[in-house]
Structure formats: structure tokens, C-alpha cells
2 protein chains.
Amino acid sequence: MESETSLTCPSGWEERTKPLGWSRRFVFADYEATRAFLDRLTALSESSGYYPNLNFARDYVVITMQFDGDTVDPKLAQYAHAAQAAYDGKD
Amino acid sequence: MESETSLTCPSGWEERTKPLGWSRRFVFADYEATRAFLDRLTALSESSGYYPNLNFARDYVVITMQFDGDTVDPKLAQYAHAAQAAYDGKD
């Protein structure tokens with residue numbers, strides 16, 4: 001757990017309003033890479049208790065998260081930044 | 001591999017046209033059940049080489065498959081029936 005959680009939409013993600021939500025499509029070279037990323041997301045969900053909508057097939061994963069009450073939820077924001085870090089290989 | 005593959009849309013699935021596609025939403029009691037089903041679908045994909053679009057969150061999985069040329073592909077049809085059998089606990 002970071003001491004400070006960014007409440008801003010991660011770079012490269014799409015932010016929608018009404019209702020407020022963040023999403024990003026991640027593209028992979030093959031299914032093995034896709035599945036490795038899904039495994040990382042599973043671990044994130046199991047540690048945070050947050051399960052975003054995930055859409056995937058062989059070579060892509062789309063993460064879609066919606067915020068209740070049009071307010072950024074720190075838990076969801078942390079998930080987004082952690083997912084991005086996992087994709088970037090920075091975690 | 002079954003000796004005969006049904007080319008008809010499995011019971012409970014939705015069939016769309018233009019383009020031809022089959023889909024079904026499966027609902028589960030909890031994430032553990034959802035994940036167990038996803039694991040079954042992964043095994044199906046790895047054995048068949050077919051990776052449908054999957055959409056899921058904590059307690060549901062939506063399988064969406066589209067056929068090229070508006071013709072039922074036996075490999076995809078077999079995947080659909082196998083997924084349904086896995087859900088029904090009949091496999």
C-alpha cells in the first residue's frame with residue numbers, strides 16, 4: 001500500500017463522465033502475455049477486493065471501472081495505477 | 001472430441017445475425033465460482049486454439065463469439081457447447 005494514492009486518471013487511460021469512469025485497452029503480442037497480465041490483475045483484485053469489468057480475448061485486455069457518485073474512489077484509483085505499473089513492468 | 005458436433009446455438013444462448021454470433025451471460029454466486037469457470041474456459045481455448053471475447057467481473061462471465069461469413073464454424077460451435085456443458089457440470 002502506497003502512502004499516497006494518485007486520484008488522477010493514469011496516463012494513457014480514457015476518462016469518461018456521467019457516470020465517471022476510467023478505462024484502458026492493453027494489447028499484447030500473444031495469448032501467453034495476455035494471460036500473464038490477467039493473472040496480475042487477478043492478484044490485484046484478490047488483494048484489494050475490487051473486481052473491475054474485464055474484457056479480453058487472445059491478444060487484448062480492456063479494463064473498465066466506474067465510480068459511484070461521480071467521485072474517484074481511492075481503492076479503484078490505486079487498482080488502475082497498479083495495473084498500469086504491472087503493464088509497464090514497473091512494479 | 002465428439003464424433004458429431006452440434007451446429008445449432010446451445011439452449012439458453014442468444015443468437016444474433018449480421019454478423020452471425022452467439023453469446024451467453026453466466027452468473028455465479030461468488031468470485032471463486034466465476035474464476036473456476038474462467039479456468040475451464042481457458043483450458044477449452046488452449047485445447048481448441050479458439051479464444052472468444054470474454055467479459056467478466058466478480059460474479060459473471062459473458063462469452064461472445066462471432067462467425068466469419070455468417071456461417072457456423074464447427075470449432076466455435078463445439079466451444080460453445082463445451083462451455084455450456086462445463087457450466088452445467090455435465091462434462
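### A few points about the sheet that holds strand 4 (residues 60-66) of chain A
Here is step 1 of the chain: Pairing in this open sheet of eight strands is antiparallel, and the strands run 1(A)-2(A)-4(A)-3(A)-3(B)-4(B)-2(B)-1(B) from one edge to the other. Each of the sheet's edge strands pairs with one partner strand only, and the pair in question is strand 1 (14-16) of chain A together with strand 1 (14-16) of chain B. When strand polarity is set aside, the average angle formed by the axes of neighbouring strands in this sheet is 15 degrees.
Here is step 2 of the chain: Here strand 2 (residues 21-27) of chain A runs beside strand 4 of chain A; their pairing, made up of seven bridges, is antiparallel. Within the sheet, the bridge partner assigned to Ser23(A) lies in strand 4 of chain A and is Thr64(A).
Here is step 3 of the chain: Sitting on the sheet, helix 1 (residues 31-48) of chain A touches strand 2, strand 3 (53-57) and strand 4 of chain A, and the angle it makes with strand 4 of chain A is about 25 degrees.

### What to know about unusual backbone geometry
With the exception of glycine, the majority of residues adopt a negative phi angle, and the majority of peptide bonds are in the trans configuration.
Here is step 1 of the chain: Geometrically, the link from Lys18(A) to Pro19(A) is a cis peptide bond, its omega value of 0 degrees lying close to zero.
Here is step 2 of the chain: Considering the arrangement of structural elements, one finds Pro19(A) in the loop between strand 1 and strand 2.

### Details of the nonpolar core
What tends to happen in soluble globular proteins is that the nonpolar side chains get buried as a cluster.
Here is step 1 of the chain: Core analysis: the largest hydrophobic core is formed by 28 residues, its most contacted members being Ala83(A) and Ala83(B).
Here is step 2 of the chain: Discounting chain neighbours no more than four positions away, the residues touching Ala83(A) are Leu41(A), Leu44(A) and Ile63(A).

### Notes on the relation of the copies chain B and chain A
Here is step 1 of the chain: Superposing chain B onto chain A requires a rotation of 180 degrees together with a translation of 0.0 Å along the rotation axis, leaving an RMSD of 0.0 Å. Expressed as a symmetry operation, the mapping of one chain copy onto the other fits a two-fold axis. When each C-alpha of chain B is compared by its distance to the rotation axis, Asn55(B) comes out closest, at 2.1 Å.
Here is step 2 of the chain: The residues that chain B uses at the interface reappear at the interface of chain A in 100% of cases, marking a shared surface.

### Considering the interface of chain B and chain A
Here is step 1 of the chain: Each side of the interface is counted separately: chain B has nine residues, and chain A has nine residues.
Here is step 2 of the chain: Considering each element in turn, the side of chain B that touches chain A owes the most residues, four residues, to strand 3 (residues 53-56) of chain B.
Here is step 3 of the chain: In terms of residue class, the side of chain B that touches chain A is made up of six nonpolar, two polar and one charged.
Here is step 4 of the chain: Bridge count for strand 3 of chain A against strand 3 of chain B is three bridges, and the pairing is antiparallel. Opposite Asn55(A), over in strand 3 of chain B, you have Asn55(B) as the bridge partner.

The rules behind each value
Residues numbered from 1 in each chain as written. Chains lettered and ligands numbered in written order. Predicted model: local features only at pLDDT ≥ 70, side-chain atom pairs only at ≥ 80, totals over all residues. Pairing = 2+ DSSP bridges. Helix = DSSP H or I, 4+ residues; strand = E, 2+ residues; numbered from the N terminus. Axes fitted to C-alpha atoms, helices over the stretch in contact; angles between N-to-C directions. Contact = placed C-beta atoms within 7 Å. Core = buried A, V, L, I, M, F, W, Y, C linked by C-beta atoms within 7 Å. Buried ≥ 20, exposed ≤ 12 C-beta atoms within 10 Å, placed from the backbone. Least-squares fit on C-alpha atoms with pLDDT ≥ 70 in both. Nonpolar A, V, L, I, M, F, W, Y, C, P; charged D, E, K, R; others polar.

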